[in-house]
Amino acid sequence: LKKPLRLYPPAVSTTRSAERDLELPAVPGGPIDPDTKVVVPKGTYLYVPIWAVQRDAKHFASPTEFQPERWAQRRNNNDSNSSWEPRSDANHKAWIPFSAGARACPGHRFAMQEMTTILTTLLLLLTFEAPPDDYVLEPHRDGFIQSPKGGIPMKIRKHVSS
């Protein structure tokens, strides 16, 4: 579920208000002299482009490719008591389809559990035929939310009992 939410987050952006003056470094090679201090004054509204952050190669190698293994985890050694760690070098903190921090969606965990439960139930009851090979998903934005333009052409059938 994390992969489609990274590539196609329901909300493509969010905003925040700076709670204090923020001093930001100039981006190397950018239009601002590296010695210049960039200050964002307290109270300034900041636009957070979720879609762009989650598709940035700085955070995810091959950012537009479907790589579900990116989210797999492994033990950090062979000891069964060891902790789990991500398998990839992806910046997992850049996965923000529900935003992040104190202002993140309060229903994030519930939404993930609900999606897992519904998807599991549907997969047990139904058979899904993939869209044609030439189908290209085209996101359609309606306000803050996006969905596939024209839906997804897919055949869904009830499982035949044996």
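Residues numbered from 1 in each chain as written. Predicted model: local features only at pLDDT ≥ 70, side-chain atom pairs only at ≥ 80, totals over all residues. Heavy atoms only, no water.

Novice: Would you take a moment to explain the pattern of salt bridges for this structure?
Specialist: Side chains bearing opposite charge may pair, as long as their charged atoms lie close to each other. Under the defined criterion, the tally for this structure stands at 4 salt bridges. Between R157 and E129 there is a salt bridge, with the nearest N and O atoms lying 3.1 Å from each other. A residue pair is termed long-range when its members are at least 10 positions apart, and R157 in strand β10 (residues 155–158) and E129 in strand β7 (residues 126–129) qualify at 28 residues. (Salt bridge = Lys/Arg side-chain N within 4 Å of Asp/Glu carboxyl O. Helix = DSSP H or I, 4+ residues; strand = E, 2+ residues; numbered from the N terminus.)

Novice: What exactly am I supposed to notice about the layout of surface pockets here?
Specialist: A water-sized probe rolled over the atoms picks out the places where empty space is left. When its volume is computed, the largest pocket comes out at roughly 1000 Å³. P4, Y8, L137, P148 and I152 are the residues nearest the centre of the largest pocket, which is lined by 24 residues in total. Taken together, the elements giving at least two residues each to the lining of the largest pocket come down to α1 (2–7), α3 (108–125) and β9 (145–148). The element contributing the most residues to the lining of the largest pocket is α3, with 4 residues. (1 Å grid on protein atoms, 1.4 Å probe; cavity = no way out; pocket = protein on both sides within 12 Å on 5 of 7 lines; lining within 4 Å. Points joined across faces, edges and corners; volume = space filled by probe spheres on them.)

Novice: When you look at the nonpolar core in this model, what are you seeing that I'm missing?
Specialist: One recurring pattern in soluble globular proteins: nonpolar side chains tend to sit buried together. Counting 9 residues, the largest nonpolar core consists of L5, F60, W71, A90, A94, W95, F98, A111 and M112. If we skip the residues at most four places from it in the chain, A90 touches H59, F60 and R70. (Core = buried A, V, L, I, M, F, W, Y, C linked by side-chain atoms within 4.5 Å. Buried < 20%, exposed > 50% of the residue type's maximum accessible area, 1.4 Å probe, protein only. Contact = heavy atoms within 4.5 Å.)

Novice: Explain a nonpolar patch on the surface here, please?
Specialist: Together, L1, I118, L119, L122, L123, F128, I152, M154 and I156 line one region of the surface with nonpolar side chains, adding up to about 730 Å² of accessible area. Turning to its location among the elements, I156 is positioned in strand β10. Here I156 falls in the partly exposed class, since its relative accessible area comes to 48%. (Patch = residues over 30% accessible without salt bridge, like charges linked within 9 Å, V, L, I, M, F, W, Y side chains within 5 Å. Areas by Shrake-Rupley, 256 points an atom, 1.4 Å probe, with all protein chains shown as cover.)

Novice: I'm lost on the pairing of β9 in this one. Help?
Specialist: Regular strands show a simple pattern: their side chains alternate between the two faces of the sheet. Across 4 bridges, the pairing between strand β8 (residues 139–142) and β9 is antiparallel. Bridge pairing in β9 links R141 to Q146. In this antiparallel pair of consecutive strands, β8 and β9, the connection spans 2 residues, and G143 shows a positive phi of 70 degrees. (Pairing = 2+ DSSP bridges.)

Novice: Help me understand the environment of I96, please; the structure alone is not making it clear to me.
Specialist: Locating I96 in the fold gives a position in the loop between β6 (84–86) and α3. A C-alpha to C-alpha distance of 8.4 Å links I96 and P9, two positions 87 residues apart in sequence. Residues within four places of I96 in sequence aside, it is in contact with V48, I50, V53 and Q54.

Novice: Is there a simple way to explain the side chain of K3 in this structure?
Specialist: The topology assignment puts K3 in helix α1. Here K3 is buried and forms no salt bridge, its nearest opposite-charge partner E65 lying at an N-O distance of 7.7 Å. (Lys, Arg positive; Asp, Glu negative; His and termini not counted.)

Novice: In this structure, what is going on with unusual backbone geometry? I would like to understand it.
Specialist: With glycine set apart, most residues show a phi of negative sign, and most peptide bonds adopt trans. One non-glycine residue, S62, adopts positive backbone phi at about 50 degrees. Relative to the helices and strands, S62 resides in the loop between α2 (50–54) and β5 (73–75). The class of S62 is partly exposed, set by a relative accessible area of 32%.

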